[in-house]
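What follows is each chain in one-letter form.
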Amino acid sequence: MFKLPNSRKSTVGFSIYMINKICAKVALFWYYTAYMKKRLLSGVQPSGVMHIGNYFGAVKQFVDLQDKYDSSIFIADLHAVTTTQNKDNLSKNILEVAMDYLACGLDPEKVNLFKQSDIPEVAELAWYFNCITTVSYLERATTYKDAHMKAKEVTAGLFDYPMLMAADILIEDADIVPVGADQKQHIEYARDTAQKFNNTFGETFKIPEALIMKEVAIVPGIDGRKMSKSYGNTIPLFGSDDEIKKAVMKIVTDSKTPEEPKDPEKCNIFALHKLFLQGESLQDLRARYEHGGLGYKESKEMLLNEIIAFISPMRKKRESYMNNPEKVISILKEGANKIKPRITEKMRIIRDNIGVNL
Ligand code: ATP
Ligand code: MG
């Protein structure tokens, strides 16, 4: 048999020792990154076409954080039934939001991407939350108050929206929930509900934190109010050039002439430029506003070009999914299947603590 000389033996032994050490470190790192990551959860309602407020306020954070967190990103179709009560529209919007997510850069290998209605346990959990929540507490929700002011009748579903959202977050033991500022109060509802449940039935839920990026907390719509699918004041993220142009040209401004100096911080167009321009380009534009000589029409045309340049690579990616909707549907199914075991286990604990498991 072939024998190594003693000096070679010690070198080989040392090498094996080092390889073992490195492998142990790699395994530890892999275990840490795979299993010890904090959990992130968020979603977008398929209540209309995704807009640039959704992207900068929420979806960009989902993409930026997908390596750092164990992320669950869902399509909030149960929530959308409160406003979208047309079968064809809802199904179409669900698929559209899924394609938007993928085009924006969510990687289904890294993120659990699913449709809320594929996890019906959230509706059961929302029911348990209803049983420990008072009507007067829910009446304080600003979304309910807004809807109540506008509509004669508010559905029980819309009134109860914060409890379903609390269930979405708490069933997954989410540590952080990236959202726009409009959702801050709903995260407070989830935190309060977790605490109330824990006090009533024993320690069951983690207390989640909202993650709100200050600079993009509320992206204004073309009328200056918060950009919202339901307000019809959006710039569609994946609209055609014409659709985007139509929206941009409608942005509401004051009636200053091109020659007059303008305060950029009071201009809806400038607020949107800030999403696309940084550093010197933004400073130059600010100076042109303050100096005078820049008309709103020119500023809108500049914004239009910025938006189209920004989305063009994402558009290309989206086209490939549009040609393969079956693939998108199977990504959503796989995403739900991935989280099902932990949802089942969490529900077992919840039902045990409530007393409905015999
Ligand atoms: P709807 O009008 O149906 O409520 P929406 O436009 O408000 O639709 P949602 O699906 O409710 O969109 O929200 C998805 C995510 O996008 C949430 O995290 C929300 O906070 C965020 N978001 C929505 N609009 C804006 C906005 N104008 N600026 C920043 N973030 C936003
Ligand atoms: Mg909303």
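Quick look at the structure, then. Note that this is a predicted model, so its numbers are computed, not measured.

1. Remarks on the packing of aromatic side chains
In step 1: In this structure the tally under the stated criterion is 14 aromatic pairs.
In step 2: Seen in terms of ring centroids, F129 and F197 are 6.0 Å apart; in terms of plane orientation they differ by 80°. Their pairing is edge-to-face. Placement of F129 in helix 5 (residues 121-130) and of F197 in helix 10 (residues 184-201) is noted, with a sequence separation of 68 residues between them. Just as F129 is buried, F197 falls in that class too.
In step 3: Centroid distance F197 to F201: 4.7 Å. Interplanar angle 50°. Geometry classified as tilted. With a gap of 4 residues between them, F197 and F201 both fall in helix 10, about one helical turn apart.
In step 4: Given a relative accessible area of 0%, F197 falls into the buried group.
In step 5: Here F201 falls in the partly exposed class, since its relative accessible area comes to 26%.
In step 6: In this structure an aromatic cluster arises from ring pairing among Y55, F56, F276 and F310.
In step 7: If you follow R225 out to its NZ or CZ, it ends over the ring of Y231, 4.3 Å from the centre.

2. Some details on the site of ligand 1
In step 1: Taken together, 22 residues sit near ligand 1, with S47, H51, D182, K229 and S230 positioned nearest.
In step 2: Taking N54, its side chain carries an N or O atom lying 3.1 Å from an oxygen atom of ligand 1.
In step 3: D182 places a side-chain nitrogen or oxygen 2.6 Å from an oxygen atom of ligand 1.
In step 4: Contact with the protein chains covers 94% of the free accessible surface of ligand 1, which is 590 Å².
In step 5: In terms of residue count, the dominant contributor to the shell around ligand 1 is helix 2 (residues 52-64) (4 residues).

3. A word on the pattern of salt bridges
In step 1: In total, this model carries 23 salt bridges according to the counting rule given.
In step 2: Residue K256 pairs with D254 through a salt bridge whose shortest N-O separation is 3.6 Å.
In step 3: You can call D254 partly exposed: its relative accessible area is 39%.
In step 4: One network of salt bridges, in which partners are shared, links R39, D70, E172 and R342.

4. So, the side chain of S299
In step 1: Of note, S299 is situated in helix 14 (residues 296-322).
In step 2: The class of S299 is buried, set by a relative accessible area of 0%.
In step 3: Only 3.0 Å separates the side chain of S299 from the side chain of H273, close enough to count as a polar contact.
In step 4: In this view, S299 contacts I269, H273, Y289 and L294; residues no more than four positions away in its chain are not counted.

5. Some points on the nonpolar core
In step 1: Ranked by size, the top nonpolar core spans 60 residues in total, and within it I52, V59, Y101, L113, I235, L237 and L272 carry the most contacts.
In step 2: For this core, the leading source of residues is helix 4 (residues 87-104), giving 9 residues.
In step 3: Setting aside its immediate chain neighbours within four residues, L237 contacts M50, H51, I52, Y55, C104, I311 and M314.
In step 4: The next biggest cluster of nonpolar side chains, apart from the first, holds 39 residues, and it includes I119, I132, F159 and Y189.

6. Regarding the pairing of strand 1 (residues 39-44)
In step 1: Both strand 1 and strand 2 (residues 70-75) contribute to a ladder of 6 bridges, which runs parallel. Within strand 2, the position partnered with V44 by the bridge is I75.
In step 2: Once you follow strand 1 into helix 2 and on to strand 2, the crossover reads as right-handed.

7. Here's the deal with unusual backbone geometry
In step 1: With phi around 50°, D173 is a residue other than glycine that occupies positive phi space.
In step 2: Here D173 lies in the loop between helix 9 (161-170) and strand 4 (176-178).

8. So, the packing of helix 4 against helix 14
In step 1: Axis separation between helix 4 and helix 14 bottoms out at 8 Å; the angle between their running directions is 135°. Put simply, helix 4 runs oblique to helix 14. Relative to helix 14, the crossing made by helix 4 is right-handed. Within the contact between the two elements, helix 4 uses E96, M99, D100, L102, A103 and C104 and helix 14 uses M314, K317, R318, Y321 and M322.
In step 2: Grouping the amino acids of the contact of helix 4 with helix 14 by side-chain chemistry returns 7 nonpolar, no polar and 4 charged.

Cut-offs applied
- Residues numbered from 1 in each chain as written.
- Chains lettered and ligands numbered in written order.
- Predicted model: local features only at pLDDT ≥ 70, side-chain atom pairs only at ≥ 80, totals over all residues.
- Heavy atoms only, no water.
- Phe/Tyr/Trp six-rings, centres within 6.5 Å; stacked < 30°, edge-to-face > 60°.
- Helix = DSSP H or I, 4+ residues; strand = E, 2+ residues; numbered from the N terminus.
- Buried < 20%, exposed > 50% of the residue type's maximum accessible area, 1.4 Å probe, protein only.
- Lys NZ or Arg CZ within 6 Å of the ring centre and 35° of its normal.
- Near = heavy atom within 4 Å.
- Polar contact = N/O pair within 3.5 Å; in protein donor to acceptor, adjacent residues only side chain to side chain.
- Areas by Shrake-Rupley, 256 points an atom, 1.4 Å probe, with all protein chains shown as cover.
- Salt bridge = Lys/Arg side-chain N within 4 Å of Asp/Glu carboxyl O.
- Contact = heavy atoms within 4.5 Å.
- Core = buried A, V, L, I, M, F, W, Y, C linked by side-chain atoms within 4.5 Å.
- Pairing = 2+ DSSP bridges.
- Right-handed = clockwise from strand over helix to strand, strands pointing away.
- Axes fitted to C-alpha atoms, helices over the stretch in contact; angles between N-to-C directions.
- Parallel < 35°, antiparallel > 145°, perpendicular 65-115°, else oblique.
- Left-handed = near helix turned anticlockwise from the far one by under 90°.
- Nonpolar A, V, L, I, M, F, W, Y, C, P; charged D, E, K, R; others polar.

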